[in-house]
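For reference, the chains in residue letters:
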Amino acid sequence: MTRMHAEARTGRRTLLLAGALAGLAAACRGSQSGADTAPTADRFVTDLRIPPLAASTIDSDGARRFALALRDDGRSSFLPGTTTPTWGVNGDYLGPTVRVRVGERVRMAVASRLAERTTLHWHGMLLPARMDGGPHQPIEPGATWLPQWTVRQPAATLWYHPHAHGSTAMHVYRGLAGLLVVDDPNGPELPGRYGIDDIPLILQDRRFDPDGRFAEADVDDGTYGLLGDTILINGTVRPRLRLRDRTVRLRLLNAANARVFHPGFADGRPFQVVGTDAGLLDRPVTTTRVRMSPGERVEIVVSLAARERVVLDSRGPDHASDPERGHFPLLQLEVRPDAADPVALPDRLAVGSPQPYRAGPLRRFRLDALEINGRRGDPARIDEVVVAGAHETWEISNGRYAHSLHIHGAHFRLLDATGADAGLKDTVFVPPGATLRLAVRFGTDIDPATPYMYHCHLLRHEDGGMSGQFVVVAPGTENEVPRSLRGHHH
Ligand code: C2O
Ligand code: CU
Ligand code: CU
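Calculation rules
- Residues numbered from 1 in each chain as written.
- Chains lettered and ligands numbered in written order.
- Predicted model: local features only at pLDDT ≥ 70, side-chain atom pairs only at ≥ 80, totals over all residues.
- Heavy atoms only, no water.
- Donors = N, O, S within 2.8 Å, 3.2 Å for Na, K, Ca; no water.
- Buried < 20%, exposed > 50% of the residue type's maximum accessible area, 1.4 Å probe, protein only.
- Helix = DSSP H or I, 4+ residues; strand = E, 2+ residues; numbered from the N terminus.
- Salt bridge = Lys/Arg side-chain N within 4 Å of Asp/Glu carboxyl O.
- Core = buried A, V, L, I, M, F, W, Y, C linked by side-chain atoms within 4.5 Å.
- Domains from an automatic or database assignment.

Participant: Quick rundown of the coordination of the copper ion (ligand 3)? Include the residues and the values.
Facilitator: Around the copper ion (ligand 3), the protein contributes the donor atoms H403 (ND1), C456 (SG) and H461 (ND1), which lie 1.9 to 2.1 Å from the metal centre. Along the chain, the residues that donate to the copper ion (ligand 3) are spaced as H-x52-C-x4-H. Like H461, C456 is buried.

Participant: Before we move on, could you go through the coordination of the copper ion (ligand 2) and cite the residues and values that matter?
Facilitator: Protein coordination at the copper ion (ligand 2): the donors are H121 (NE2) and H406 (NE2), at 1.8 to 1.9 Å from the metal. Placement of the pair is H121 in strand β7 (residues 121–123) and H406 in strand β27 (residues 403–407), with a sequence separation of 285 residues. Across the pair, H406 and H121 agree in class, each one buried.

Participant: Break down unusual backbone geometry for me, citing the residues and quoting the values.
Facilitator: Across residues other than glycine, the phi torsion is negative in most instances, and most of the peptide bonds are trans. Residue N90 is not a glycine yet carries a positive backbone phi of 55°. Along the chain, the position of N90 falls in the loop between β4 (84–89) and β5 (98–101).

Participant: Could you give an account of the pattern of salt bridges, with specific residues and numbers?
Facilitator: Throughout the structure, instances matching the rule amount to 39 salt bridges. D73 is the partner of R71 in a salt bridge, and the nearest nitrogen-oxygen pair spans 2.8 Å. A relative accessible area of 47% places D73 in the partly exposed class. What you see here is one network of salt bridges that share partners, running through D277, E296, R297, K425 and D426.

Participant: Any details on the nonpolar core? Residues and values, ideally.
Facilitator: W394, I407, L438 and F470 are the most contacted members of the largest nonpolar core, which has 34 residues in total. Per-element accounting of this core gives the leading share, four residues, to strand β30 (residues 435–442). Each of two domains, domain 2 (190–340) and domain 3 (362–476), supplies a minimum of three residues to this core.

Right under this line is the structure:
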């Protein structure tokens, strides 16, 4: 279905066509009225769905235990009058928000009720490779996977999603994904009441068939895979959210297969970035728009006036490569007349002494079409060997297509970056032609036989083999590591 059909069918054609033409101009004027031809109130009619918090129990040794069930029998209603078959975790679509604490032991029971092999990966978590949930930890239909680890990293907004070789794009597209929040009881004072003034926003794009099903034809096809014309936030189309506080924290996750979002407010008002993928910033950074490629997270805080209504939208450049283009309203925030007074943010956000991220030995990675350094990923090949806890500089240089580079089992900062761009990361947008330098700090869990991945997080590219693998080894053993996993059992 073309974009125009979808718009006509939902009665928003004039609005979105005008929006497409006026998008960039309106963004420059900072005007909310530029693209609007209908009263704002008529456009956001569905209350934002807030993913439930995952229930947990405490084992006798103090470990926190969660049970997640992957299902393929969900029924969701996104568009009026239609039902969409969906996949979900402990529910019909997406999964519950899992919250763990710094220092805590975590045990997961991941049960698959799917009819095909999958995995569940903890994106952004530093943990042993065997617990990572990448392609080397398959969960067969009917099986339950029991990973466990100790949380040894700063507070951050992480997420979980399947990572099976060749089927990640489809499993995520159908609905398997959820938030994984690391809390630090000793962290700074930030809005933190889940669903009240601390709001998860899982951004995705979808295309619908006329009967209401998710269109799947292009998910694994074309340059970037499917770029949808309908935006879902936590599985809600055109949501609104009523606030009882004037200061709100939004935890944004780009869980789209390929689309790059540029969240900001339609009226151009400033907000503060407080966190990126893997942790809080040292200090809040004021800005008016952020860019998020698939896999990336940003935490922002904004203060609003009582009775105010403001639209969070995404305005990409009009002339950019495909995944960046377009203007999409995301969410309308409505502040109640009796809302609580705004609260000021602390000056410093990072707790303790800042984690060192420094340049180190250089590795170069050239992204070109679906290849990294001239080859496609091979699950049986070890591309790189890294020493536990190492600091390295990874230089990523790109060809002519946009990519989003993600590294498992490590966090990094962008060298040469300032402000929010210098925050802790595990995923980074790599524009066409760009060269980025990352100061990478690897985890300390040693396992020469089980690789972690690095790959493009545009899921059609990931499934197409745009990936590599590394193992983390003890110092001095780098040259003893077998580079092939063939014939090994894992
Ligand atoms: Cu979000 Cu390798 O994945
Ligand atoms: Cu990951
Ligand atoms: Cu890519």
